[in-house]
Structure formats: C-alpha cells, structure tokens
Amino acid sequence: MSARPKLLFGLVSLFATLFGCAAPDKSVPPLETVADVDLQRYVGTWYEIARFPHRFQRDCYASRAVYTLQDDGLIGVYNECRKGAADGPIKAVQGKARVVDKQTNAKLEVSFFWPFWGDYWIIDLDSAYQWAVVGHPNRRYLWILSRQDTLDEEVLSGIKTRLQQQGYDLQELLMSPVD
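Just so it is clear, the model here is predicted, and its values are computed rather than measured.

Conventions adopted
- Residues numbered from 1 in each chain as written.
- Predicted model: local features only at pLDDT ≥ 70, side-chain atom pairs only at ≥ 80, totals over all residues.
- Heavy atoms only, no water.
- Salt bridge = Lys/Arg side-chain N within 4 Å of Asp/Glu carboxyl O.
- Buried < 20%, exposed > 50% of the residue type's maximum accessible area, 1.4 Å probe, protein only.
- Helix = DSSP H or I, 4+ residues; strand = E, 2+ residues; numbered from the N terminus.
- Patch = residues over 30% accessible without salt bridge, like charges linked within 9 Å, V, L, I, M, F, W, Y side chains within 5 Å.
- Areas by Shrake-Rupley, 256 points an atom, 1.4 Å probe, with all protein chains shown as cover.
- Lys, Arg positive; Asp, Glu negative; His and termini not counted.
- Charge placed at Lys NZ, Arg CZ, Asp CG, Glu CD.
- Polar contact = N/O pair within 3.5 Å; in protein donor to acceptor, adjacent residues only side chain to side chain.

Q: Help me get a handle on the pattern of salt bridges, residues and values and all.
A: As enumerated under the stated definition, the model contains four salt bridges in all. Between Glu48 and Arg51 there is a salt bridge, with the nearest N and O atoms lying 2.5 Å from each other. Across the pair, exposure class does not vary: Glu48 and Arg51 are buried alike. Two residues, Glu80 and Arg64, come together in a salt bridge whose shortest N-O distance is 2.9 Å. With a gap of 16 residues between them, Glu80 in strand β3 (residues 75–83) and Arg64 in strand β2 (residues 60–69) connect regions that are remote in the sequence.

Structure follows, in structure tokens:
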C-alpha cells in the first residue's frame, strides 16, 4: 500500500473512532435535543465542567471552548486546555461547526479536520444560557459546559438526573480538573 492510501486509511480509522460511527444503542430511546437554540446567545466562551474521558482530551485541565458566528454561516470553534496541570502549556485546536437541524439549531456537526464531521447535539440548556449539555446520538460522548468555571451542585445534580433519563450511563463521567 502506498503512503497516500495508508494515510487516508489511518485518518478514516481515527475519525471513525473519534466521532463514533457506530449505530446508536437500540436499548435506549433516540437521544432528544432541546427544542430551540438561539445561536446569538449560545456563542461565546464555555468552560468544561464534566465530560466522558477520551484520548483527545487526555491530561487536559481547565478546558474551555469559544464559539463565534462567522459571516459564511458557520460557527468558529476554538477549544483549549492546559496540558498536564492547571498551569501547564496550552493545547489548542480550531475548527468549525454547522447547523444540521435549522428548525431547532440544536443539532450541529463539528469538524477539526476536513472532511470529517462529528455530531454535536445540544441536549440540555439553561434558559439563561448559563450552562449547556452536549451529547452524541450514540451516547459515547458527553460534555457539561458552563459560562463560569464552576457549576452549582444542585444544578449539576439536576443535569445528571436528566442525563440518566436520556439513557446516559454516568459511571465514567469525569469532573473536569481545574487545578
């Protein structure tokens, strides 16, 4: 196999792993998103409160995402974390997102490496846009985000209850290290 097909095969394998190309679990109902997302209110800075662990975020501390509306209709995505410790070097990646359900704006796809896109579904959202929960239809990906770097325990407890009602197994939920 020449270098180009090997590279393509490697990239496809990597992204199949990262974006969970497997079919959704049939033992739980389809994942539900929120009814409506105002993208003007959603953009801005979000701090990661909790997540499911994944290789691409290994040793990440103080993770945050910044979303910006772009003139071309896409959403700019900038993700960063501190590598190894809260004062470690910044590890960052830039990407883009696009809305795939224009009726609700709750189903998006995100891409950090063209031509691969992964589902980014907003499945729980504070009415004041102070916290959000992002999931994936196969339930192997999950992020709890907040406008602040902390989240009230009572709010977090309610989010966890709703996630379990949506069929999420929270045994692997990792509270995001901040210090």
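Read on, since the account is not over.
Q: Before we move on, can you summarise a positive patch on the surface with the specific residues and values?
A: Together, Arg55, Arg58, Lys83 and Lys91 line one region of the surface with positive charge. When you line up the elements, Lys83 lands in strand β3.

Q: Go over the environment of Asp124, please, and point to the residues and values.
A: Within the secondary structure, Asp124 is located in strand β6 (residues 116–125). Taking the C-alpha atoms as reference points, Asp124 and Val134, separated by ten residues in sequence, lie 7.3 Å from one another. Side-chain polar atoms of Asp124 contact the side chain of Arg162, separated by 2.7 Å.

Q: Help me get a handle on unusual backbone geometry, residues and values and all.
A: Of note, the amide linkage connecting Trp114 to Pro115 takes the cis form, showing an omega dihedral of 10°. By the element assignment, Pro115 lies in the loop between β5 (107–113) and β6. Even without glycine at this site, Tyr129 takes up a positive phi of about 60°. Mapped onto the elements, Tyr129 comes out in the loop between β6 and β7 (131–135).

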